[in-house]
Amino acid sequence: MRIDIITVLPELLKSPFEASILKRAIEKGLVEIHFHNLRDYSKGNYKQVDDYQFGGGAGMVLMVEPIDKCITQLKKERDYDEVIYMTPDGDTLNQAAANEISLKKNLIILCGHYKGVDQRVRDLFVTREISIGDYVLSGGELAAAVLCDSIIRLLPGVLNDETSALTDTFQDNLLAPPVYTRPSNYKGMEVPEILLSGDFPKIEQWREEQALERTTKKRPDLLR
Ligand code: 6GU
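Throughout, a residue's number is its position along its own chain's written sequence, starting from 1. Residue-level local features of this predicted model are given only where pLDDT is at least 70; pairs of side-chain atoms are given and counted only at 80 or more, and the full residue set underlies all totals for whole chains, interfaces and linings. Note that water and hydrogens are dropped before the side-chain values are worked out from all heavy atoms of the structure.

### Notes on the site of the ligand
Neighbouring the ligand are 13 residues, the closest being T87, I132, G133, Y135 and L137. One of the backbone nitrogen or oxygen atoms of Y135 is found 2.5 Å away from a nitrogen atom of the ligand. The backbone of L137 places a nitrogen or oxygen atom 3.0 Å from a nitrogen atom of the ligand. Areas reported as accessible are Shrake-Rupley estimates using a 1.4 Å probe. Residue values count occlusion only from the protein chains shown. Here the ligand has 290 Å² of accessible area as a free molecule, and 96% of this is covered by the chains. By the criteria applied, helices consist of DSSP H or I runs no shorter than four residues and strands consist of E runs no shorter than two, each listed in order from the N terminus. Secondary-structure elements contributing two or more residues to the shell around the ligand are β5 (82–92) and β7 (128–131). No other element matches β5, which puts three residues into the shell around the ligand. Residue polarity follows a fixed list, in which Ala, Val, Leu, Ile, Met, Phe, Trp, Tyr, Cys and Pro are nonpolar, Asp, Glu, Lys and Arg are charged, and the others, Gly among them, are polar. Looking at the shell around the ligand, its residues break down into eight nonpolar, five polar and no charged. For this description, a residue counts as near a given molecule or strand if any of its non-hydrogen atoms is within 4 Å of it. Here a polar contact is recorded for every N or O atom pair within 3.5 Å, except that within protein the pair must consist of a potential hydrogen donor and a potential acceptor, and residues adjacent in sequence are included only if both atoms are side-chain atoms.

This is how it looks when you write it as structure tokens:
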């Protein structure tokens with residue numbers, strides 16, 4: 001997979017890719033991340049990328065021309081499966097969407113800022129609009145990092161134990177069951193005996209029951 005991220009604030013986005021699982025995925029060659037600073041595609045000495053909105057109103061809007069230049073340049077080099085625009089008015093990200101996007105080969109992710117992008121960017125280039133929840137962030141960068149993490153961890157070979165993404169919360173539309181590690185007794189609080197029994201079919205059954213119970217209690221909406 002290759003991901004090209006277009007942003008006015010690359011420095012806000014870089015660190016999540018420089019640690020832990022994402023870093024290892026990049027080092028293993030399982031994913032390539034390329035950052036494109038929108039200012040590099042702007043005109044003139046001021047490196048202008050945003051402007052006031054027509055009709056008046058507070059907040060700046062990212063201009064169509066630098067974004068057009070950047071996306072057109074990228075598309076000359078390869079075909080893209082999606083041009084994703086990160087915006088609070090997009091479709092809310094969930095595990096099903098992450099699973100689906102993780103199967104794509106080449107992605108462009110455009111980070112919104114200020115009041116967003118000129119509508120013509122959306123009309124011309126964007127194939128998919130994604131939000132990470134019903135709250136507002138200062139820009140799309142942190143949301144893009146969240147999206148990238150959710151899809152990259154699903155790529156084959158990224159997680160050490162390949163089955164572990166399959167047992168995540170939300171795969172199967174269920175929350176994950178409780179987990180425990182040593183010690184088996186902590187200040188009188190015991191680990192459920194079944195987990196120490198070595199009876200794996202029974203353990204699996206217990207985990208399924210616990211997942212269902214947790215989901216019923218905390219997220220009944222997932223069961224509907
Ligand atoms: Cl994708 N962008 C911004 N600016 N705020 C958000 C968001 C995205 N998703 C949730 N809030």
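### Quick notes on helix α7 (residues 200–218)
For a helix, the expected span equals 1.5 Å multiplied by the residue count minus one. With 19 residues, α7 extends 26 Å from end C-alpha to end C-alpha; this agrees with the ideal 27 Å at 1.5 Å per step. Throughout this description, buried means an accessible area under 20% of the type-specific maximum (1.4 Å probe, protein chains only), exposed means over 50%, and partly exposed covers the range between. Every buried residue belonging to α7 is among I203, W206, A211 and T215, and all of these are buried. The arc enclosing the buried residues of α7, seen along the axis, measures out at 165°, which places them on a common side. Residues of α7 that are exposed and point over 90 degrees away from its buried face: P201, E208 and K217. The arc under discussion is defined with respect to the helix axis, by the directions toward the C-beta atoms.

### Topic: the sheet that holds strand β6 (residues 106–111)
Reading across from one edge, β2-β1-β6-β5-β7 is the order of the five strands in this open sheet, with parallel pairing throughout. Lying at the two open borders of the sheet, with one neighbouring strand each, are β2 (32–37) and β7. On average, each strand axis in the sheet is tilted by 30° relative to the strand beside it, whichever way the strands run. In this sheet, β6 lies alongside strand β1 (residues 2–7) in parallel orientation, the contact comprising five bridges. Counterpart to D4 in the pairing with β6 is I108. Taken strand by strand, helix α3 (residues 64–77) contacts β1, β2, β5 and β6, and its axis lies near 165° from that of β1. Strands are labelled as partners when DSSP assigns at least two bridges between them. Axis lines are fitted through C-alpha atoms, for helices just across the contact stretch, and the angle between N-to-C directions can take any value from 0 to 180 degrees. We call two residues in contact whenever any of their non-hydrogen atoms come within 4.5 Å of each other.

### Concerning the domain arrangement of the protein chain
Taken domain by domain, the protein chain consists of domain 1 (2–152) and domain 2 (172–223). The C-alpha-based centres of domain 1 and domain 2 are spaced at 38 Å. For the purposes of this description, domain bounds are those given by an automatic or database domain assignment.

### Observations concerning the pattern of salt bridges
Any Lys or Arg side-chain nitrogen found within 4 Å of a carboxyl oxygen on Asp or Glu counts as a salt bridge. The full count for this structure, using the stated rule, is 15 salt bridges. A salt bridge links E77 to R78; the nearest nitrogen and oxygen atoms lie 3.5 Å apart. Judged by relative accessible area, E77 falls into the partly exposed class, the value being 45%. The residue E100 makes a salt bridge to K104 at a minimum N-O spacing of 4.0 Å. The exposure class of K104 is partly exposed, given its relative accessible area of 23%.

### Let's talk about a negative patch on the surface
Patch members must show over 30% relative accessible area and no salt bridge, and they are joined within 9 Å when carrying like charges or within 5 Å when they are nonpolar side chains of Val, Leu, Ile, Met, Phe, Trp or Tyr. We score Asp and Glu as negative and Lys and Arg as positive, and we do not count His or the chain ends. To locate a charge, the coordinates of NZ of Lys, CZ of Arg, CG of Asp or CD of Glu are taken. A grouping of D172, E204, E208 and E209 is seen on the molecular surface, where their side chains present a negatively charged patch. Counting through the fold element by element, E209 comes out in helix α7. What makes E209 partly exposed here is its relative accessible area of 43%.

### A few points about unusual backbone geometry
Across the chain, the bulk of peptide bonds are trans and the bulk of non-glycine residues have phi less than zero. Going from R182 to P183, the amide bond is cis rather than trans, its omega being 5°. Relative to the assigned elements, P183 resides in the loop between α6 (141–152) and β8 (185–186). Within the chain, N173 stands out as a residue other than glycine whose phi angle is a positive 60°. In this fold, N173 is placed in the loop between α6 and β8. With a relative accessible area of 42%, N173 lands in the partly exposed category.

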